[in-house]
Amino acid sequence: QVQLVESGGGLVQAGGSLRLSCAASGRTFSSYTMGWFRQAPGKEREFVATITWNGNTYYADSVKGRFTVSRDNAKNTVYLQMNSLKPEDTAVYYCAAPNVQYTGVLVTTTQYDYWGQGTQVTVSS
């Protein structure tokens, strides 16, 4: 049973930082592209960042230069370091994994099969 569990969300002031973690179980994802998405109230789930098995990354324009995605394959865990947070970053953040070993970055929700429960990030102004 594949499970993804996010942690690290919380309340932070604008300009602050948070690091989200996504611990995977039920399958070793060292050879899989992984992704982060977020969903704010009244909005669709949107792409945030993705990382391939060999460390290639891609970011949404809204977070580029502020967020960094990384992975520790020995721990079967991916991370999202969020710096210079803005109120518009407020959302539930989700970790995602595909069921297929794609070779490149994945940027749409339909490319992913497994999702974590989400962790709330709230940025106050």
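Provided above is the structure to which this section pertains.
Residues numbered from 1 in each chain as written. Predicted model: local features only at pLDDT ≥ 70, side-chain atom pairs only at ≥ 80, totals over all residues. Heavy atoms only, no water.

Asks: So what's going on with the overall build of the chain? Which residues, and what values?
Replies: Broken down by element type, the chain carries zero helices and eleven strands. Secondary structure elements of the chain, listed N to C terminal, follow the sequence β-β-β-β-β-β-β-β-β-β-β. The C-alpha atoms of the chain give 13 Å as radius of gyration, which agrees with the globular expectation for 125 residues (14 Å, within 12%). In terms of its C-alpha atoms, the chain occupies a principal-axis envelope of roughly 40 × 30 × 25 Å. Looking at the chain as a whole, 43% of its 125 residues qualify as buried. For the chain, the separation between the mean place of its 10 positive charges and that of its 8 negative charges on side chains is 5 Å. (Helix = DSSP H or I, 4+ residues; strand = E, 2+ residues; numbered from the N terminus. Rg over C-alpha atoms; globule rule 2.2 N^0.38 Å. Buried < 20%, exposed > 50% of the residue type's maximum accessible area, 1.4 Å probe, protein only. Lys, Arg positive; Asp, Glu negative; His and termini not counted. Charge placed at Lys NZ, Arg CZ, Asp CG, Glu CD.)

Asks: So, the sheet that holds strand S1 (residues 3–7): which residues are in play, and what are the values?
Replies: Taken together, the four strands give an open sheet; going across it, the order is S1-S3-S8-S7, and neighbouring strands pair in antiparallel fashion. Only two strands of the sheet have a single neighbouring strand rather than two, namely S1 and strand S7 (67–72). Strand-to-strand twist of the sheet, defined as the mean angle between neighbouring strand axes without regard to direction, takes the value 15°. Inspection of the sheet shows strand S3 (residues 18–25) paired to strand S8 (residues 77–82) by six bridges, in the antiparallel sense. Residue pairing for S8: Leu-20 is matched across the bridge by Leu-80. (Pairing = 2+ DSSP bridges. Axes fitted to C-alpha atoms, helices over the stretch in contact; angles between N-to-C directions.)

Asks: Describe a nonpolar patch on the surface, listing the residues and the values that go with them.
Replies: On the surface, a nonpolar cluster with roughly 230 Å² of combined accessible area is contributed by Tyr-58, Val-105 and Val-107. By the element assignment, Val-107 lies in the loop between strand S9 (91–97) and strand S10 (114–115). (Patch = residues over 30% accessible without salt bridge, like charges linked within 9 Å, V, L, I, M, F, W, Y side chains within 5 Å. Areas by Shrake-Rupley, 256 points an atom, 1.4 Å probe, with all protein chains shown as cover. Salt bridge = Lys/Arg side-chain N within 4 Å of Asp/Glu carboxyl O.)

Asks: I'd like a rundown of the pattern of salt bridges, residues and numbers included.
Replies: In a structure, side chains of opposite charge can pair up when their charged atoms sit close to one another. Using the criterion set out here, one finds three salt bridges in the structure. The partner of Glu-46 in a salt bridge is Arg-38, and the shortest N-O contact between them spans 2.7 Å. Taking relative accessible area as the criterion, Glu-46 reaches 29% and is therefore assigned partly exposed. The class for Arg-38 is buried, based on a relative accessible area of 5%. The shortest N-O distance in the salt bridge between Arg-38 and Asp-89 comes to 2.9 Å. Of the two residues, Arg-38 is situated in strand S4 (residues 34–39) and Asp-89 in the loop between S8 and S9; the sequence distance between them amounts to 51 residues. Both residues of the pair, Arg-38 and Asp-89, belong to the buried class.

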